Amino acid sequence: MAGGELQRLSAQADMLPIMRTHGGLMPSRELRQLQTTLRQEIADGVVKDARIEIATHVTMKAMDSVADVDAHRRALAGDDSTLNALLAQVEMNHVQSVGRIQRGTLF
């Protein structure tokens, strides 16, 4: 549920007579708890959105890196199958390093 929808629900709850005390002037304990819970849900959603954006960026960067290294290997090796095999081993080390970085285990 989007933050806008949670804000709408919070405002809607604020208008309910049961959520007010003292002739409808003061927010009830339940309304304050609801508003706190909704604020926390919105904050959690923002953090999750940021994590998804970061993961997307890291994944795309990793893919670009692997593609760049692969293209470089092909350009260097040309038609030399021995050099291609040697460079492929180095490339696989790079792929493994990128995988560890993605998983957060670094090097």
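Rules and cut-offs
Residues numbered from 1 in each chain as written. Predicted model: local features only at pLDDT ≥ 70, side-chain atom pairs only at ≥ 80, totals over all residues. Heavy atoms only, no water. Helix = DSSP H or I, 4+ residues; strand = E, 2+ residues; numbered from the N terminus. Rg over C-alpha atoms; globule rule 2.2 N^0.38 Å. Buried < 20%, exposed > 50% of the residue type's maximum accessible area, 1.4 Å probe, protein only. Contact = heavy atoms within 4.5 Å. Areas by Shrake-Rupley, 256 points an atom, 1.4 Å probe, with all protein chains shown as cover. Axes fitted to C-alpha atoms, helices over the stretch in contact; angles between N-to-C directions. Parallel < 35°, antiparallel > 145°, perpendicular 65-115°, else oblique. Nonpolar A, V, L, I, M, F, W, Y, C, P; charged D, E, K, R; others polar. Salt bridge = Lys/Arg side-chain N within 4 Å of Asp/Glu carboxyl O. Expected span 1.5 Å × (residues − 1).

Chemist: Explain the overall build of the protein here, please?
Modeler: Across its full length, the protein carries three helices and two strands. Ordered by position from N to C terminus, the α and β elements of the protein give α-β-β-α-α. A compact globule built from 107 residues should have a C-alpha radius of gyration of about 13 Å, whereas the protein, at 27 Å, is more than 25% larger. Overall size of the protein, expressed as C-alpha extent along the three principal axes, is 85 × 20 × 10 Å. When the 107 residues of the protein are sorted by exposure, 13% land in the buried category. Counting only contacts in the protein whose residues sit at least 6 apart along the sequence, the fraction spanning at least 24 positions is 33%. Summing over all exposed atoms, the protein offers an accessible surface of approximately 8,300 Å²; the carbon and sulfur share of this is 61%.

Chemist: What am I meant to see in the packing of helix α2 (residues 29-77) against helix α3 (residues 81-103) here?
Modeler: If you want to describe how two helices pack, look at the angle between their axes and the distance between the axes. Contact geometry of α2 with α3 gives a least axis separation of 10 Å together with a crossing angle of 170 degrees. When the axis of α2 is compared with that of α3, the two are roughly antiparallel. Of the residues in α3, those touching α2 at V58, T59, A62, S65, V66, V69, D70, R73, L76 and A77 are L83, N84, L87, A88, E91, H94, V95, V98 and Q102. When its residues are assigned to classes, the contact of α2 with α3 shows eleven nonpolar, five polar and three charged.

Chemist: Even after reading the chapter, I still don't get the pattern of salt bridges, so can you show me in this structure?
Modeler: In the structure shown here, the tally under the stated rule is four salt bridges. Across the pair R73 and D70 runs a salt bridge, and its minimum N-O distance is 2.6 Å. Of this pair, R73 and D70 both sit in helix α2, three residues apart, which is roughly one turn of that helix. By relative accessible area, which is 11% here, R73 ends up buried. Here D70 falls in the buried class, since its relative accessible area comes to 19%. One network of salt bridges, in which partners are shared, links D70, R73, R74 and E91.

Chemist: I tried to follow the environment of I42 on my own but got confused; where do I start?
Modeler: Checked against the element boundaries, I42 lands in helix α2. The spatial distance from the C-alpha of I42 to the C-alpha of Q12 is 16 Å, given a sequence separation of 30 residues.

Chemist: What is the right way to read α2 from this model?
Modeler: Residue pairs three or four apart in sequence face the same way in an α-helix, which turns once every 3.6 residues. Taking 1.5 Å of rise per residue, the 49 residues of α2 would be expected to cover 72 Å, and the 72 Å separating its terminal C-alpha atoms lies within 8% of that figure. Three or more residues of α2 are buried, namely L31, L38, A62, D70, R73 and A77. One or two residues past the end of α2 sits G78, with phi positive at roughly 55 degrees.

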